[in-house]
Amino acid sequence: LPRPKVPATLLGFDASQAAGRKQAKALTWLPEAQRQQPLNAWHRHLVTATLAGLEVVIEERYHNTLNRLTSSTGTGQFAPYSSAQWHYRNGAALAIYVCIDPLRIDIDQFTKLLTYCGQTGFGRDASTGLGKFELCELAPQSAPKASHHWLTLAPSAPMDAGLDAQHCYYSLFTRFGKHGDRAVLTGKPFKTPVLLADSAALLRFKEPRTVDFIGSGLGGDGRLSKALPATVHQGYSPVVAVNREGN
């Protein structure tokens, strides 16, 4: 699980130990086996991305575009160029939390779709053969217990009157969206920027709740796009319960 965007002292780190702050910032992942530990004990179990198997590798990839008239590269738009690409190391195991509405899609359909996505590639460079993954295991989760505190796993728009805003912690994330398909040809491909609470927000409800996801749907009223007024944005995130009080 990602390290919550909270002050380090809430995770149990000693604020008076200035020498270890840099090393503590590198501890960004919590093993799933320790998810029930009290929040103020997480400092004992957090690990680096390398130890979690989620170290990011950055590589330079070289590209070229052929001029169909000369069947070779050249200058200008046909000049060879390089770009930086990042990926996890081979063999990295990611846990993906998914909320499924059985009235819209069943588990078998979802499994086929996710498998197909892994075979064809995920992300903007999928057409070049990148972004492929293998679905190793599917493990349905039992319903979570009621809790005051919840950790988000994706950017979200948590506009809920039941939240205790004074005890919610998050970092801001701005989504600069663009239209695809035929909307690109309208001359106005850019959407209105959306301000969200970034992944790993720690949210507190005034009363304990049992929830599978947190967030709100945005748009649909012309505010997210001048080209397509019906444009909407999914401001929802799966969540996991956090043991803040230690009980």
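Throughout, residues of each chain are indexed from 1 in the direction in which the sequence is written. Residue-level local features of this predicted model are given only where pLDDT is at least 70; pairs of side-chain atoms are given and counted only at 80 or more, and the full residue set underlies all totals for whole chains, interfaces and linings. Only hydrogens and water are set aside; all other atoms, that is, all heavy atoms of the structure, feed into the side-chain values.

## With respect to the overall build of the protein chain
So, step 1. Along the backbone of the protein chain there are two helices and eight strands.
So, step 2. Numbered from the N terminus, helices here are DSSP runs of H or I no shorter than four residues, and strands are runs of E no shorter than two. Of the regular secondary structure in the protein chain, the N- to C-terminal order runs α-β-β-α-β-β-β-β-β-β.
So, step 3. If one aligns the C-alpha atoms of the protein chain with their principal axes, the spans along those axes are about 70 × 45 × 40 Å.
So, step 4. For the protein chain, the proportion of contacts with a sequence separation of at least 24, taken over those separated by at least 6, is 64%.
So, step 5. Method for areas: the Shrake-Rupley scheme with a 1.4 Å probe, in which residue coverage is limited to the protein chains shown. Summed over its atoms, the accessible surface of the protein chain is roughly 16,800 Å², and 54% of this surface lies on carbon and sulfur atoms.
So, step 6. Just so you know, the count uses Lys and Arg for positive and Asp and Glu for negative, and it drops His and the chain ends. Note on charges: their place is set at NZ of Lys, CZ of Arg, CG of Asp or CD of Glu. Averaged over its 26 positive side-chain charges, the protein chain has a centre that lies 7 Å from the centre of its 19 negative ones. Should any heavy atoms of two residues lie within 4.5 Å, those residues are counted as being in contact.

## Observations regarding the sheet that holds strand β8 (residues 232–242)
So, step 1. Taking strand neighbours across the sheet as the criterion, the four strands line up as β6-β3-β8-β7 in an open arrangement whose pairing is antiparallel. Only two strands of the sheet have a single partner each, and these edge strands are β6 (202–209) and β7 (213–219). If you compare each strand with its neighbour and ignore which way they point, the axes differ by 30 degrees on average.
So, step 2. Of the pairings in the sheet, the one linking β7 to β8 comprises seven bridges and is antiparallel in character. Its bridge partner lying in β8, Ile214 is registered against Ser237. Should DSSP find at least two bridges between two strands, the strands are regarded as paired. Simply put, an axis is a line fit to the C-alpha atoms, just over the touching stretch for a helix, and the angle between two N-to-C directions goes from 0 to 180 degrees.

## A short note on the packing of aromatic side chains
So, step 1. Between the rings of Phe, Tyr and Trp (Trp by its six-membered ring), a pair exists once the centres lie within 6.5 Å; its type follows the angle of the planes, with under 30 degrees stacked, over 60 edge-to-face, and the other angles tilted. Per the stated rule, a full pass over the model turns up two aromatic pairs.
So, step 2. Ring centres of Trp86 and Tyr88 lie 6.0 Å apart, and the angle between their planes is 85 degrees; on these two criteria the pair is classed as edge-to-face.
So, step 3. A ring pair is formed by Phe213 and Tyr236, whose centres lie 5.7 Å apart and whose planes are at 85 degrees; its orientation type is edge-to-face. Residue Phe213 is found in strand β7, and its partner Tyr236 is found in strand β8; the two are separated by 23 residues along the sequence.
So, step 4. Burial classes: relative accessible area under 20% of the type maximum marks a residue as buried, over 50% as exposed, and values in between as partly exposed (1.4 Å probe, protein chains only). Note on Phe213: relative accessible area 45%, which makes it partly exposed.

## Details of the pattern of salt bridges
So, step 1. The term salt bridge refers to a side-chain nitrogen of Lys or Arg lying within 4 Å of a carboxyl oxygen of Asp or Glu. If you walk through the whole model with that rule in mind, you get seven salt bridges.
So, step 2. The residue Asp221 makes a salt bridge to Arg223 at a minimum N-O spacing of 2.9 Å.
So, step 3. Relative accessible area serves as the criterion here: at 45%, Asp221 is assigned to the partly exposed category.

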